[in-house]
Amino acid sequence: MKKTVFKIANDVKEICIPLYKILIPFVFIIKVLEISGVIEFLAKLIQPLMSLVGLTPELGLVLVTAILVNMYAAIVLFINLIPILDVNVAQVTILTTMILVCHNIPIESAVCKAAGISFTYTALLRFFSAFLLGFILKLIYFNFELLMEPFDTLVKLDPLPTEFWPWLYYQFINLVYVFFIVCIMVIILEILKKIGIERLFEIIFVPPLKLFGIQKEAMNIIIVGMTIGIQYGGGILIKDVKSGKIDKQSVFLAVSLLNLLHAIIEDTILMALIGGHISGILIARVIFSLVLSYFIFMIYKRYFKAV
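For clarity, every value in this text was computed on a predicted model and none was experimentally measured.

Caption draft 1: Summary view of the pattern of salt bridges. Scanning the model with the defined rule gives four salt bridges in all. Notably, a salt bridge pairs Lys-239 with Asp-11, separated by 3.7 Å at the nearest N-O pair. With Lys-239 in helix 11 (residues 219-242) and Asp-11 in helix 1 (residues 2-35), the pair connects residues that are 228 residues apart, well separated along the chain. Assessed through its relative accessible area of 26%, Lys-239 is described here as partly exposed. For Asp-11, a relative accessible area of 11% corresponds to the buried category. Notably, a salt bridge pairs Arg-126 with Glu-108, separated by 2.6 Å at the nearest N-O pair. Here Arg-126 is found in helix 8 (residues 119-143), whereas its partner Glu-108 is found in helix 7 (residues 105-114), with 18 residues between them in sequence. What makes Arg-126 buried here is its relative accessible area of 0%. Via salt bridges that share partners, Lys-7, Asp-11, Glu-190 and Lys-239 belong to a single interconnected network.

Here's what the structure looks like:
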């Protein structure tokens, strides 16, 4: 028992320290971007792309906030903008689906970089994938006149703190939350190993993962990423990759898949609560992510495997 507790504590330490080295600096970098007006400037820059996916310029500000700050800040902004917007359910579904693909890019791309995958690659993959999926959904919803009813929400949220000390306290609580999430995940993974469920997961997940060029050694990071996401599961991702047990191809393809499809339960529920339709935020996102991941695997196998 004592040996198990020591192992869990050591795993938590090895996971949290590299993760905090990424999260803490980026928290302050993103705050600087927010107060300097960069977010509003970038929202204006992407206005042509917003029209491409059938969304209004105001929703561009929501999307950029999700990309650079986080999904929760974007949700609060969206809910506060709703009274002055004239949008339908299809547009809200397009927006929320895009947010699920490309939220929190700076921090999560930095986590991926620590795991050995290019920051630029993951950032561009998520950004352009979000707009490609948004464009596909626009074609489907608008051409077939689906979800055209006016959108309204009963959800009300208070704005996030903007003054420095309340904001700093809020960020501290988030970092504590990350610590407890890591502890819970490490304990769960250890329990799964002890009772043999890990072997059952291998039987279930390994065959489909092989279709995407991902070996069984990467199963842990797939399960963690799919359930709690890249930011909270990032420490486990970094630790498993640096262990050397996962081959280069599996790391690249697993991280590519997780950038498109992660935190399936929590994030999907959040977007559903503010009005995203399941056809976009879950069904279309899963299908799109799997198809694109398979396409990435085909390209990798043809052009990069021998490198």
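Caption draft 2: Representation of helix 11 in the model. The end-to-end C-alpha distance of helix 11 is 15 Å, clearly below the 34 Å that 24 residues give at a rise of 1.5 Å each. Of all the bends in helix 11, the largest measures some 130° and sits at Gly-229. Here helix 11 lies mainly inside the structure; 21 of its 24 residues are buried. Just downstream of helix 11 lies Gly-244, where phi reads positive at about 80°.

Caption draft 3: Just a nonpolar patch on the surface, in detail. Together, Leu-132, Ile-136, Leu-139, Ile-140, Phe-144 and Leu-146 give the surface a local cluster of nonpolar side chains, amounting to about 520 Å² of exposed area. Taking relative accessible area as the criterion, Leu-146 reaches 38% and is therefore assigned partly exposed.

Caption draft 4: Quick peek at the confidence of the model for the chain. Looking at the chain as a whole, its pLDDT mean stands at 88, while 95% of the residues score no less than 70. When pLDDT is averaged over each helix and strand of the chain, the minimum, 77, is found for helix 10 (residues 197-211) and the maximum, 98, for helix 8.

Caption draft 5: Structural detail: the nonpolar core. Counting 104 residues, the largest nonpolar core has Leu-59, Leu-63, Phe-78, Ile-214 and Met-271 as the members making the most contacts within it. The element contributing the most residues to this core is helix 11, with 11 residues. Not counting the four nearest positions on each side in its chain, Leu-59 is found in contact with Met-50, Phe-78, Leu-85, Val-87 and Leu-95.

Caption draft 6: Highlighting the side chain of Glu-190. Tracing the backbone shows Glu-190 in helix 9 (residues 164-195). Assessed through its relative accessible area of 9%, Glu-190 is described here as buried. In this structure the side chain of Glu-190 is engaged in a polar contact, spanning 3.3 Å, whose partner is the side chain of Lys-7. When neighbours within four sequence positions are excluded, Glu-190 is seen to be in contact with Thr-4, Lys-7 and Ile-8.

Caption draft 7: Quick look at unusual backbone geometry. Of note in the backbone geometry, Asn-104 takes a positive phi value of approximately 55° without being a glycine. Phi at Leu-147 takes a positive value of approximately 55°, unusual for a residue other than glycine. Mapped onto the secondary structure, Leu-147 falls in the loop between helix 8 and helix 9. Residue class for Leu-147 comes out buried when judged on its relative accessible area of 15%.

Caption draft 8: Summary view of the environment of Leu-52. If you trace the backbone, Leu-52 turns up in helix 3 (residues 47-52). Since its relative accessible area comes to 41%, Leu-52 is described here as partly exposed. Between the alpha carbons of Leu-52 and Phe-131 there is a distance of 8.4 Å; along the sequence they are 79 residues apart. Dropping the residues within four chain positions of it, Leu-52 is found in contact with Phe-135 and Lys-138.

Caption draft 9: Fine view of the environment of Leu-282. Here Leu-282 lies in helix 14 (residues 278-303). Put simply, Leu-282 and Val-255 are 27 residues apart on the chain and 19 Å apart in space, counted from C-alpha to C-alpha.

Caption draft 10: Expanded view of the environment of Gly-235. Relative to the helices and strands, Gly-235 resides in helix 11. As for Gly-235 and Tyr-169, which are separated by 66 residues in sequence, their C-alpha atoms are 22 Å apart. Sequence-distant contacts of Gly-235, defined by excluding residues within four places in its chain, comprise Ile-15 and Leu-19.

Caption draft 11: Representation of the side chain of His-262 within the structure. Its location among the elements puts His-262 in the loop between helix 12 (248-260) and helix 13 (264-273). For His-262, a relative accessible area of 1% translates into the label buried. Within polar-contact distance, the side chain of His-262 engages the side chain of His-103 at 3.4 Å. Within the structure, His-262 has its side chain in polar contact with the side chain of Glu-108 (distance 3.4 Å). Ignoring sequence-local partners within four residues, the contact set of His-262 consists of Leu-100, His-103, Glu-108, Arg-126, Gly-225, Met-226, Gly-229, Ile-230, Asp-267 and Arg-285.

Conventions adopted
- Residues numbered from 1 in each chain as written.
- Predicted model: local features only at pLDDT ≥ 70, side-chain atom pairs only at ≥ 80, totals over all residues.
- Heavy atoms only, no water.
- Salt bridge = Lys/Arg side-chain N within 4 Å of Asp/Glu carboxyl O.
- Helix = DSSP H or I, 4+ residues; strand = E, 2+ residues; numbered from the N terminus.
- Buried < 20%, exposed > 50% of the residue type's maximum accessible area, 1.4 Å probe, protein only.
- Expected span 1.5 Å × (residues − 1).
- Bend = angle between axes of the 7 residues up to and from the residue.
- Patch = residues over 30% accessible without salt bridge, like charges linked within 9 Å, V, L, I, M, F, W, Y side chains within 5 Å.
- Areas by Shrake-Rupley, 256 points an atom, 1.4 Å probe, with all protein chains shown as cover.
- pLDDT = per-residue confidence, 0-100.
- Core = buried A, V, L, I, M, F, W, Y, C linked by side-chain atoms within 4.5 Å.
- Contact = heavy atoms within 4.5 Å.
- Polar contact = N/O pair within 3.5 Å; in protein donor to acceptor, adjacent residues only side chain to side chain.

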